Amino acid sequence: MSASTPTPAAWTACLSVFERELTPQQFATWIRPLAVEPGEGSLRLRAPNRFVLQWVKDRFGTRIATLAREAAGAPLAIEYALAEPAGATAASIDAPASPFPPPIDDERAPEAPEAAPREPARPAAFLPRRIEPTSLNGTFTFASFVTGKANQLARAAGLQVAEHPTSYNPLFVYGGVGLGKTHLIQAIGHDILKREPSAKIRYIHAETYVSDVVRAYQHKAFDEFKRYYRSLDLLLIDDIQFFGGKSRTQEEFFYLFNTLIEGHKQVVITCDTYPKEIAGIEERLISRFGWGLTVALEPPELEMRVAILLAKAQQSRVRLDEQVAFFVAKHIRSNVRELEGALKRIVAYANFHAQEITLTVAKEALRDLLAVQNRQISVENIQKTVADYYKIRPSEMHSKKRSRAIARPRQVAMALAKELTQLSLPEIGSNFGGRDHTTVLHACRQIAKLRETLPDLNHDVNFLLQVLRS
Amino acid sequence: MEQLVFDLVAPEPQAFRTFVAGRNTEAVAALERAATGALPETGIVVWGTPGVGKSHLLAAVADAARRAGRTVLACASPADLTSTAPDAGALLTVDDIDTADAAAQARLFTLYNALRESGGTLVVAASAPPARVPVRDDVRTRLAWGLVYEILPLADDEKPAALAAYARSRGFSLSDDVIVYLLAHGRRDMRTLVATLAALDRRSLARKRPVTVPLLREWLQRSIDDPAQP
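Residues numbered from 1 in each chain as written. Chains lettered and ligands numbered in written order. Predicted model: local features only at pLDDT ≥ 70, side-chain atom pairs only at ≥ 80, totals over all residues. Heavy atoms only, no water.

**Q** What should I look at first to understand the overall build of chain A in this one?
**A** When its secondary structure is counted, chain A shows 19 helices and eight strands. Of all intrachain contacts in chain A linking residues separated by at least 6 positions in sequence, the fraction that spans at least 24 positions is 74%. About 22300 Å² of surface is accessible on chain A, with carbon and sulfur atoms providing 52% of the total. (Helix = DSSP H or I, 4+ residues; strand = E, 2+ residues; numbered from the N terminus. Contact = heavy atoms within 4.5 Å. Areas by Shrake-Rupley, 256 points an atom, 1.4 Å probe, with all protein chains shown as cover.)

**Q** Can you walk me through the pattern of salt bridges in this structure?
**A** Where side chains of opposite charge bring their charged atoms close, a pairing between them can arise. In this structure the tally under the stated criterion is 28 salt bridges over all chains. Close ionic contact of D191 of chain A with R195 of chain A constitutes a salt bridge, the shortest N to O distance being 2.5 Å. With a gap of four residues between them, D191 of chain A and R195 of chain A both fall in helix α5 (residues 181-195), about one helical turn apart. In this structure, R140 of chain B engages E338 of chain A in a salt bridge whose closest nitrogen and oxygen atoms are separated by 3.6 Å. Taken as a pair, R140 of chain B in helix α4 (residues 137-145) and E338 of chain A in helix α12 (residues 336-352) lie in two separate chains rather than in one. Residue R140 of chain B is classed as buried on the basis of its relative accessible area, which comes to 5%. Residue classification places E338 of chain A among the buried residues on the basis of a relative accessible area of 8%. Residues joined in a network through salt bridges with shared partners are E37, R44, R46 and E79 of chain A. (Salt bridge = Lys/Arg side-chain N within 4 Å of Asp/Glu carboxyl O. Buried < 20%, exposed > 50% of the residue type's maximum accessible area, 1.4 Å probe, protein only.)

**Q** Explain the sheet that holds strand β1 (residues 35-39) of chain A to me, please; I cannot follow it from the model alone.
**A** Adjacent strands of a sheet pair through backbone hydrogen bonds, lying either parallel or antiparallel. Residues and elements named next belong to chain A. Spatially, the three strands line up as an open sheet ordered β1-β2-β3, and their pairing is mixed. With partners counted over all chains shown, the strands left at the sheet margins are β1 and β3 (77-82), one partner each. Strand-to-strand, the axes of this sheet are offset by a mean angle of 25°, without reference to chain direction. Here strand β2 (residues 42-47) runs beside β3; their pairing, made up of six bridges, is parallel. Its bridge partner being in β3, L45 is matched across the sheet by Y80. Packing of helix α3 (residues 50-72) onto the sheet brings it into contact with β2 and β3, and relative to β3 it is tilted by some 165°. (Pairing = 2+ DSSP bridges. Axes fitted to C-alpha atoms, helices over the stretch in contact; angles between N-to-C directions.)

**Q** Looking at this structure, how should I read the pairing of strand β3 (residues 91-94) of chain B?
**A** Side chains on a regular strand alternate between the two faces of the sheet. Residues and elements named next belong to chain B. Across the two faces of β3 the burial is the same, with L91 and T93 and L92 and V94 all buried. As paired strands, strand β2 (residues 72-75) and β3 are joined by four bridges and run parallel to one another. Paired with L73 across the strands is L92, a residue of β3. Pairing geometry for β3 and strand β4 (residues 121-126), over four bridges, is parallel.

**Q** I keep staring at the interface of chain A and chain B and nothing clicks. Help me out?
**A** Opposite the 22 residues of chain A that make contact, chain B presents 26 residues. For the pairing of chain A and chain B, the buried interface totals around 2300 Å² over both sides, and the portion due to carbon and sulfur atoms is 55%. Seen at the junction of chain A and chain B, the total is four salt bridges. K344 of chain A serves as the salt-bridge partner of E41 of chain B, at 3.2 Å between the closest nitrogen and oxygen. Across the contact surface, chain A and chain B share nine residue pairs in polar contact (both at pLDDT 80 or more). At nine residues, α12 of chain A tops the list of elements feeding residues into the side of chain A that touches chain B. Of the residues that constitute the side of chain A that touches chain B, the class distribution is six nonpolar, six polar and 10 charged. (Buried area = accessible area lost by both parts, 1.4 Å probe. Polar contact = N/O pair within 3.5 Å; in protein donor to acceptor, adjacent residues only side chain to side chain. Nonpolar A, V, L, I, M, F, W, Y, C, P; charged D, E, K, R; others polar.)

**Q** Which parts of the structure should I look at to understand the packing of helix α15 (residues 379-390) of chain A against helix α19 (residues 455-469) of chain A?
**A** Packed helix pairs are characterised by how far apart their axes lie and by the angle those axes make with each other. All names here are of chain A. Two elements in contact, α15 and α19, have axes separated by 11 Å at closest approach and are oriented at 135°. Here α15 lies oblique to α19, going by the angle between them. The two elements α15 and α19 meet at a crossing, and its hand is right-handed. When α15 is examined against α19, the residues N381, I382, T385, V386, Y389 and Y390 are found in contact with a partner set consisting of L457, H459, D460, F463, L464, V467 and L468. The residue inventory of the contact of α15 with α19, partitioned by class, reads nine nonpolar, three polar and one charged. (Parallel < 35°, antiparallel > 145°, perpendicular 65-115°, else oblique. Left-handed = near helix turned anticlockwise from the far one by under 90°.)

**Q** Quick question: what am I supposed to make of the domain arrangement of chain B here?
**A** Interface size, as often reported, equals the accessible area lost upon joining of the parts. All names here are of chain B. Under the domain assignment used here, chain B contains domain 1 (21-150) and domain 2 (154-225). Its C-alpha centre places domain 1 at a distance of 32 Å from the equivalent point of domain 2. Across the boundary between the two partners, domain 1 contributes four residues, which contact six residues of domain 2. When the two sides are added together, the surface that domain 1 and domain 2 hide from each other amounts to roughly 390 Å², 47% of it contributed by carbon and sulfur. Three residues, G22, R23 and G51, lead the burial of domain 1 against domain 2; their summed loss comes to 77% of the area buried on that side. In this structure, the connection of domain 1 to domain 2 is made through zero salt bridges. Scanning the region where domain 1 abuts domain 2 turns up zero residue pairs in polar contact (both at pLDDT 80 or more). In the side of domain 1 that touches domain 2, the residues fall into one nonpolar, two polar and one charged. (Domains from an automatic or database assignment.)

**Q** I keep staring at helix α8 (residues 247-262) of chain A and nothing clicks. Help me out?
**A** Structural remark: α-helix, 3.6 residues per turn; residues separated by three or four positions point the same way. Residue and element names in this part refer to chain A. Across its 16 residues, α8 extends 22 Å between first and last C-alpha, which sits within 8% of the 22 Å expected from 1.5 Å per residue. Counting buried positions along α8 yields 12 of 16 residues, so the element is predominantly enclosed. Buried residues along α8 sit against α6 (206-218), α7 (222-230), β6 (234-238), β7 (266-271) and α9 (283-289). Positive phi appears at H264, one or two residues downstream of α8, with a value of about 55°. (Expected span 1.5 Å × (residues − 1).)

Structure below.
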């Protein structure tokens, strides 16, 4: 926010409320970057980029309007616009509006980055020959990324980074398996490569990076190793959780990360969980992972699963009825890969038996798969899994205790029981220490509401859903 | 005195033509296409109870792929997986995927991705469908990404034909009453049935007696008395 702009009282009121209501990270990402201009009966908010603009409008628009009206005592029109670029000619890469502090805290600061060699990207000798320079898969583009509520934020963040590298550095994408992490970050690579064909881009799976470190050790090729990775313009590193417990790899990556970030080179990381939950990773790396933007990929909701199936069918030139897509999407819920697998199975079955894809054919083709998917998830299993996750005793699920440490997991378990079993609400209630069905209903609503506002709780529920379904 | 048998009978080739498909015709057709590269799919999982013929199918796929001129890597167990990158378009078969330890799972993950990139094929056998195979999530969901077939055991009424065909391939004939007796008194999974016939054949050669119900009864009795004998 520009210091010279007098901040209208209405906005000051909004700020103090948001600071209380949101996590520091949410506040720093969405609210603090907004600049404000007073107007006649209006509040003009300027966002640093389209991504923030859209997100604030969608997620906080109503709240901002309410707060501003309360503070001003009269309705205020809220206008949203993009901020003018700092310099009229400033290219985004020259003037990164990086929201992160400069990494200066470590005594063992890395040497200045070597001058990037200008020769085209080429795998260094320590790399296995099969690896292509970028290792990008041609099919993983933004165009083929099906979007829905579960991934729109992550996609928008990815597009923002692709269009304006280093606007969030690093971009940290987390989510369960088969939700499109690899697809999304490779799409960023493709997009940047399209704009900047000479950019040195490398996609690498964390396990491959670990082997590269080992190989560099064996061949005494650390200089070459460092030179190669530090000369990259964009590093896409997948499944960083595999660094857990590998201290030498973490140390190498720490220096690489610092060098790239200082050199205004984009780093994109994926992980199966959010930074502070990764096991066996040094604190200094974890804190760095949070410097930029952390976004989640959530399991796709029903409509999105249907859209994915229809898109995949179209790609394979298969006619798929919406009714069939809904049937499959209703039964296969855990991740996109299993959804695709189910569709392939139906197509193979229909081709083999020379039949049209109808609901009957789909049911027949997926008979064994559905038998597995629909195997009874019992309330006891849900209670035990949730209790283990929150480190409480399973018996607390039936207890009368109402302290939050116990009541919240119990509500989560009730909500999961409603989602994952066909039991009636009274039946669920009786499984939780003879509670009333209205208590179950209240728990379900409460959890649904809290998932909107508490990212940690939302993560917990998504994680538990995937565990219970697999 | 027993005639010593020179075991010159070639081991039964595990090919598609010696597999009695039963209710698995779709799976067999898919595997035949996968072997020659006609099926545009990276991963195929065959799963089922022990003795349904998963290993046979894996061997058949490998055999057909070799005939089609493809590079084939056949792993009888996940422990045999190496980290060497496969040739472009290679076919990799891995049996007993359920037993993969952490190192094997990591290799499988990398190999799967490499095969997917290069248009290769991975065929694995498991005792359960991917959702219940005890491997890490990123491997498990990749297995579920492709085609998954449950291999169903032959129905009892399909077994006589399969056993008669097996006997013919070893050069002896099997009368109906022997088959009926065998199915009524022995374990009825195909692995045991075929092993019994092979042993019976050796015994008939050693004793210079045809394969009949009395010979079978005698052999079954002997194998109960002394389970260690072949």
